[in-house]
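Residue-level structural notes
One-letter residues, chain by chain:
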Amino acid sequence: MIKKSGSVVWTGAGKTGKGEITTQSGVLQNAPYGFATRFEDKPGTNPEELIGAAHASCFAMALSFKLDEAGFKAQELRTTAVVSLDKDGDGFKVTESALTLKGKVDGITHERFRELAETAKKGCPISKLLNTTITLNVELQ
């Protein structure tokens with residue numbers, strides 16, 4: 001079993017407080033986050049962009065394995081995951097992760113590329129974790 005961790009330190013009230021995010025690997029070390037970075041586009045990170053980065057990276061890696069298994073090699077897989085946070089009653093809810101994929105893969109048809117991408121989308125561990133709608137837009141370059 002593989003275990004990875006992230007941690008935060010939060011100080012202050014919800015709207016005026018501030019937090020710092022640190023990852024086990026140290027890639028993020030006391031990265032700032034708070035109400036302004038989440039809801040007002042101020043500098044710093046937020047949970048939704050971290051989920052987006054996790055989903056995009058997981059999906060791209062899963063697709064590269066699916067391509068390998070099918071006898072293809074990805075030259076490049078550019079993936080973005082846009083995570084939507086919407087009002088839900090008195091709170092908020094992540095309602096979608098919209099994946100956009102632009103890939104360069106020699107010798108593959110668009111149909112086969114889309115098929116493998118859909119399989120990767122469903123099998124990616126982060127996709128399985130998310131309790132939301134996941135969409136996929138595929139472009140073979």
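A few points on the structure. Every residue gets a number counted from 1 within its own chain, in the order that chain's sequence is written. Per-residue local features of the predicted model are confined to residues with pLDDT of at least 70, and side-chain atom pairs are confined, for both listing and counting, to 80 or more; whole-chain, interface and lining totals are unaffected and use all residues. As a rule here, side-chain values cover all heavy atoms of the structure and leave hydrogens and water aside.

This next bit is on the overall build of the chain. Here a helix means four or more residues in a row that DSSP labels H or I, a strand means two or more in a row labelled E, and each is numbered from the N terminus. Helix and strand counts for the chain stand at four helices and six strands. The linear arrangement of helices and strands in the chain, starting from the amino end, is β-β-β-α-α-β-β-α-α-β. In terms of its C-alpha atoms, the chain occupies a principal-axis envelope of roughly 55 × 35 × 30 Å. Counting the 141 residues in the chain, one finds 30% classified as buried. Whether two residues touch is decided by their heavy atoms; if any such pair falls within 4.5 Å, the residues are in contact. Pairs at least 24 residues apart make up 52% of the contacts formed inside the chain by residues separated by at least 6 positions. Partly exposed residues are those whose accessible area sits between 20% and 50% of the maximum for their type, while under 20% is buried and over 50% is exposed, using a 1.4 Å probe and protein chains only.

A separate point is the nonpolar core. Nonpolar side chains in soluble globular proteins tend to be buried together. The biggest cluster of nonpolar side chains holds 22 residues, and the ones touching the most others in it are Phe59, Leu63, Leu67, Leu101 and Phe113. Only helix H2 (47–69), strand E4 (74–88), strand E5 (91–105), helix H3 (110–123) and strand E6 (133–140) provide two or more residues apiece to this core. If you tally residues by element for this core, the top one is H2, at six residues. In this structure, Leu67 is in contact with Phe72, Ala74, Leu77, Val105, Ile108, Phe113 and Leu116, ignoring residues within four places of it in sequence. Residue types Ala, Val, Leu, Ile, Met, Phe, Trp, Tyr and Cys, when buried and joined through side-chain atoms within 4.5 Å, form a set referred to as a nonpolar core.

With that settled, the discussion passes to the pattern of salt bridges. Throughout this description, the term salt bridge denotes a Lys or Arg side-chain nitrogen within 4 Å of a carboxyl oxygen of Asp or Glu. Summed over the entire model, instances satisfying the criterion amount to six salt bridges. Here Arg112 ties to Glu115 by a salt bridge, and the two come within 2.3 Å at their closest N and O atoms. With Arg112 and Glu115 both in helix H3, this residue pair falls three residues apart, about one helical turn. Owing to a relative accessible area of 45%, Glu115 belongs among the partly exposed residues under this scheme. Residue Arg114 is joined to Glu118 by a salt bridge in which the shortest nitrogen-to-oxygen separation is 3.9 Å. Of this pair, Arg114 and Glu118 are both found in helix H3, four residues apart, which corresponds to roughly one turn of the helix. Each of Arg114, Glu118 and Lys121 takes part in salt bridges that share partners, so that together they form one network.

On to the packing of aromatic side chains, then. Aromatic pairs are defined between Phe, Tyr and Trp rings, using the six-membered ring for Trp, whenever the two ring centres lie within 6.5 Å; interplanar angles under 30 degrees are classed as stacked, those over 60 as edge-to-face, and all others as tilted. Within the structure shown, the criterion is met by three aromatic pairs. Measuring from centroid to centroid gives 5.3 Å for Trp10 and Tyr33, while their planes differ by 55°, and the two rings are tilted. Of this pair, Trp10 sits in strand E1 (residues 6–11) while Tyr33 is found in strand E3 (residues 31–34), placing the two residues 23 residues apart along the sequence. Given the relative accessible area of 16%, Tyr33 is considered buried. Between Phe39 and Phe92 the ring centres are 5.1 Å apart and the planes differ by 45°, which places this aromatic pair in the tilted class. Of this pair, Phe39 sits in helix H1 (residues 35–39) while Phe92 sits in strand E5, and the two are 53 residues apart along the sequence.

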